Amino acid sequence: MQQQAPLPTPEIIFDTLNSYQRTASLKGAIELDIFTAIGQGKRTVKTLAEHCRASERGMRILCDYLVVNGFLNKSGSEYSLNPVSAAFLDRRAPTCLASISEFITSSHLTEGFKDVAAIVRKGGTVISQEGSIAPDHPMWALFARSMAPMMAPTAEAIAQLIGAEVGQPWKVLDIAAGHGLFGIAIAKKNPKSAIVALDWAQVLTVAQENARAAGVGDRYHLLAGSAFEVEYGDGYDIVLLTNFFHHFDATTCESLMRKVHGALKAGGRAVTLEFVPNEDRVSPAVPATFAMMMLGVTPAGDAYTFSEYDRMFQKAGFSRSEIHPLATSPESVIVSQK
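Please read these numbers as outputs of a predicted model, since none were measured by experiment.

For the rest of this paragraph, the subject is the overall build of the protein. Each helix and strand counted, the protein has 16 helices and nine strands in total. Based on the C-alpha atoms only, the size of the protein along its principal axes is roughly 65 × 60 × 45 Å. Among the 338 residues that make up the protein, the fraction classed as buried is 47%. Contacts in the protein between residues at least 24 apart in sequence constitute 67% of all its contacts with a sequence separation of at least 6. With an accessible surface of roughly 16,900 Å², the protein has 56% of that area assigned to carbon and sulfur atoms. Across the protein, the 30 positively charged side chains and the 34 negatively charged ones have centroids separated by 4 Å.

Attention shifts here to helix α16 (residues 306-315). Those residues of α16 that sit buried are Glu 308, Tyr 309, Asp 310, Met 312 and Phe 313. Considering only its buried residues, α16 is in contact with α14 (250-263), β7 (264-274), β8 (320-325) and β9 (332-337). Gly 317 lies just past α16 and shows a positive phi near 115°.

This part covers the packing of helix α4 (residues 45-52) against helix α5 (residues 56-68). Running from N to C, α4 and α5 point in directions that differ by 110°, and their axes come no closer than 9 Å. As judged from the angle between their axes, α4 and α5 are roughly perpendicular. Considering how the two elements wind past one another, α4 and α5 form a crossing that is right-handed. Contacts between α4 and α5 involve Val 45, Lys 46, Leu 48, Ala 49 and Cys 52 from the former and Glu 56, Met 59, Arg 60 and Cys 63 from the latter.

All told, the structure shown has 11 salt bridges when counted by the stated rule. Salt-bridge contacts for Asp 33 lead to Arg 91; the nearest nitrogen and oxygen are separated by 2.9 Å. Of the two residues, Asp 33 sits in the loop between α2 (19-32) and α3 (34-39) while Arg 91 sits in the loop between α6 (83-88) and α7 (100-104), which places them 58 residues apart along the sequence. Looking at Asp 33, the relative accessible area reads 27%, which means it is partly exposed. Judged by its relative accessible area of 41%, Arg 91 is partly exposed. The salt bridge involving Asp 90 is made with Arg 92; its shortest N-O contact spans 2.8 Å. The exposure class assigned to Asp 90 is buried, which follows from its relative accessible area of 4%.

Consecutive side chains along a regular strand alternate between the two faces of the sheet. When strand β1 (residues 72-75) meets strand β2 (residues 78-81), the two strands line up antiparallel, connected through four bridges. Bridging from a neighbouring strand, Lys 74 pairs with Tyr 79 of β2. Hairpin remark: β1 followed by β2, antiparallel, with two residues in the connecting loop; positive phi at Gly 76, about 65°.

Conventions we followed
- Residues numbered from 1 in each chain as written.
- Predicted model: local features only at pLDDT ≥ 70, side-chain atom pairs only at ≥ 80, totals over all residues.
- Heavy atoms only, no water.
- Helix = DSSP H or I, 4+ residues; strand = E, 2+ residues; numbered from the N terminus.
- Buried < 20%, exposed > 50% of the residue type's maximum accessible area, 1.4 Å probe, protein only.
- Contact = heavy atoms within 4.5 Å.
- Areas by Shrake-Rupley, 256 points an atom, 1.4 Å probe, with all protein chains shown as cover.
- Lys, Arg positive; Asp, Glu negative; His and termini not counted.
- Charge placed at Lys NZ, Arg CZ, Asp CG, Glu CD.
- Axes fitted to C-alpha atoms, helices over the stretch in contact; angles between N-to-C directions.
- Parallel < 35°, antiparallel > 145°, perpendicular 65-115°, else oblique.
- Left-handed = near helix turned anticlockwise from the far one by under 90°.
- Salt bridge = Lys/Arg side-chain N within 4 Å of Asp/Glu carboxyl O.
- Pairing = 2+ DSSP bridges.

Rendered as structure tokens:
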């Protein structure tokens, strides 16, 4: 007798429609500093509630919810951190990423997804005409201050990938520098390098603070304004383009890359960091789903495949491009040779 396939269940539908609670609960736990408190030894509902100035009922329900969703462990009446929360959510940990919740859950991003049917009908953001790419948008200062911990390992990986430690006298342009960590990582590994950071003035304040804290402030120079409008100068050995192209349509990306090509010296390299899905556009999961983020917050941004980037960059004048997946990130690095 042929065995019948199991009947489908609506569990994935129920879970997805309720997933806003998971986001909000993790954000709330970070704001209450529950993970740090547990790391410090406050492991019962009573001690956590007292420490976090919360109700015992609320603390019990939230902590149990965090256990169910994989953020905490529970034994008897005591809670403990698991390896993920210990590494990334306890503020005492050097790898803590708690600050990223400020940007990822900000209204700058979430407003773009209040009416997904509308953005699909339009084919782009309905927040405003320009969305997140509006000139001097306030979200980028928030990005610079909150997202740096997540980007630090990637910045180190890129500096190593391009051979910064060799110590050549590099001139480096960091486009849309944000927190500045990508240029700073190169400057730390290469004492003969000079960095020019380009971004909006309010964002460059954060980058400059980080450069001074890293001890490279004397080799860190600021260029305020739009990457599409300011003059870069020329003679650059390296141009960094980190998490930038996905905000724009392919024609705009190609145009900017042509400008980058003109700013590089002979043999110079453009280094692009991006979410790059496979050609099927549905794998790997993180790069593939990033296109939805761009649909919600930009007029025409996307998650481009490597073949699309390669085509854009060739049209801009680059002789070849190579893609390098990163062990520290779901993103990939594309190194393009002039």
